[in-house]
Amino acid sequence: GQSLEQPSEVTAVEGAIVQINCTYQTSGFYGLSWYQQHDGGAPTFLSYNALDGLEETGRFSSFLSRSDSYGYLLLQELQMKDSASYFCAGKMDSSYKLIFGSGTRLLVRP
Amino acid sequence: GAVVSQHPSWVICKSGTSVKIECRSLDFQATTMFWYRQFPKQSLMLMATSNEGSKATYEQGVEKDKFLINHASLTLSTLTVTSAHPEDSSFYICSARDPGTDVYGYTFGSGTRLTVV
């Protein structure tokens, strides 16, 4: 089957750097996206990796290794507003549908 | 940027009744929209892919007769929860991809919190 696993919770201090990992199992794989969701809100797109390597967008970076079926989201200079749930999402076939990971709740402490 | 509007934002209905949720792409045409369901503190579970002008594609385990999807235009998809029961209470979210973009950054609606009493 298709599944994407993430740690359930991560806690970090304001100003620090945190990495949220995502491992996936699927027979087909086209790319990995990352979304942020605050409680009660809609998911918002953060980044997408189609190829191996690092993609940087401001304070957020995302990495993908297809050979390891693994990716991560790196958040730098953490701010209190970064406290949210983060989901990796895989594009598993030629359609446009996304399969979401289990999600990671990030708590940023002062 | 792309905007997806979802209504209503919340709804309470009696058990046995039907509820319709609308998802509109406001500034782009979406031939494909997606419907997700999310329980508290859990992930988004893809329910179905809504295709403009054709039948929706449902994920395994999702009852197509219970969750009716209609995508009659390039900017509107609707999800109707028929004969709702308390176990259908959940957060329903739609998303759409702006075909004018190159990256897979889908835009999500604000979600609909359904409570069946």
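Definitions and limits used
Residues numbered from 1 in each chain as written. Chains lettered and ligands numbered in written order. Predicted model: local features only at pLDDT ≥ 70, side-chain atom pairs only at ≥ 80, totals over all residues. Heavy atoms only, no water. Core = buried A, V, L, I, M, F, W, Y, C linked by side-chain atoms within 4.5 Å. Buried < 20%, exposed > 50% of the residue type's maximum accessible area, 1.4 Å probe, protein only. Helix = DSSP H or I, 4+ residues; strand = E, 2+ residues; numbered from the N terminus. Contact = heavy atoms within 4.5 Å. Buried area = accessible area lost by both parts, 1.4 Å probe. Salt bridge = Lys/Arg side-chain N within 4 Å of Asp/Glu carboxyl O. Polar contact = N/O pair within 3.5 Å; in protein donor to acceptor, adjacent residues only side chain to side chain. Nonpolar A, V, L, I, M, F, W, Y, C, P; charged D, E, K, R; others polar.

## Considering the nonpolar core
Right, on to step 1. In this structure, Leu-75 and Phe-100 of chain A are the most contacted members of the largest nonpolar core, which totals 36 residues.
Right, on to step 2. Broken down by element, the residue count for this core peaks at five residues, all from strand β9 (residues 84-91) of chain A.
Right, on to step 3. When sequence neighbours within four positions are dropped, the list of residues in contact with Leu-75 of chain A reads Ala-16, Ile-17, Val-18, Ile-20, Arg-59, Phe-60, Tyr-86 and Leu-106 of chain A.
Right, on to step 4. If you look at the next biggest cluster of nonpolar residues, it comprises 22 residues, including Val-19, Cys-23, Trp-35 and Met-47 of chain B.

## Details of the interface of chain B and chain A
Right, on to step 1. Between chain B and chain A, the contact holds 21 residues from the first and 19 residues from the second.
Right, on to step 2. For the chain B and chain A pair, buried surface summed over both sides reaches about 1,600 Å², with 64% attributable to carbon and sulfur atoms.
Right, on to step 3. At the junction of chain B with chain A, the criterion picks out one salt bridge.
Right, on to step 4. Here Glu-59 of chain B makes a salt bridge to Lys-97 of chain A, at a shortest N to O gap of 3.0 Å.
Right, on to step 5. Seen at the junction of chain B and chain A, the total is six residue pairs in polar contact (both at pLDDT 80 or more).
Right, on to step 6. When contributions to the side of chain B that touches chain A are tallied by element, the ones reaching two or more residues are β4 (32-38), β5 (44-51) and β9 (90-96) of chain B.
Right, on to step 7. In the side of chain B that touches chain A, the residues fall into ten nonpolar, seven polar and four charged.

## Side note on the side chain of Thr-107 of chain B
Residue and element names in this part refer to chain B.
Right, on to step 1. Mapped onto the fold, Thr-107 is located in strand β10 (residues 107-108).
Right, on to step 2. The exposure class of Thr-107 is buried, given its relative accessible area of 18%.
Right, on to step 3. Look past the residues within four positions of Thr-107 in its chain and what remains in contact with it is Ala-2, Val-3, Val-4, Cys-94, Ser-95 and Ala-96.

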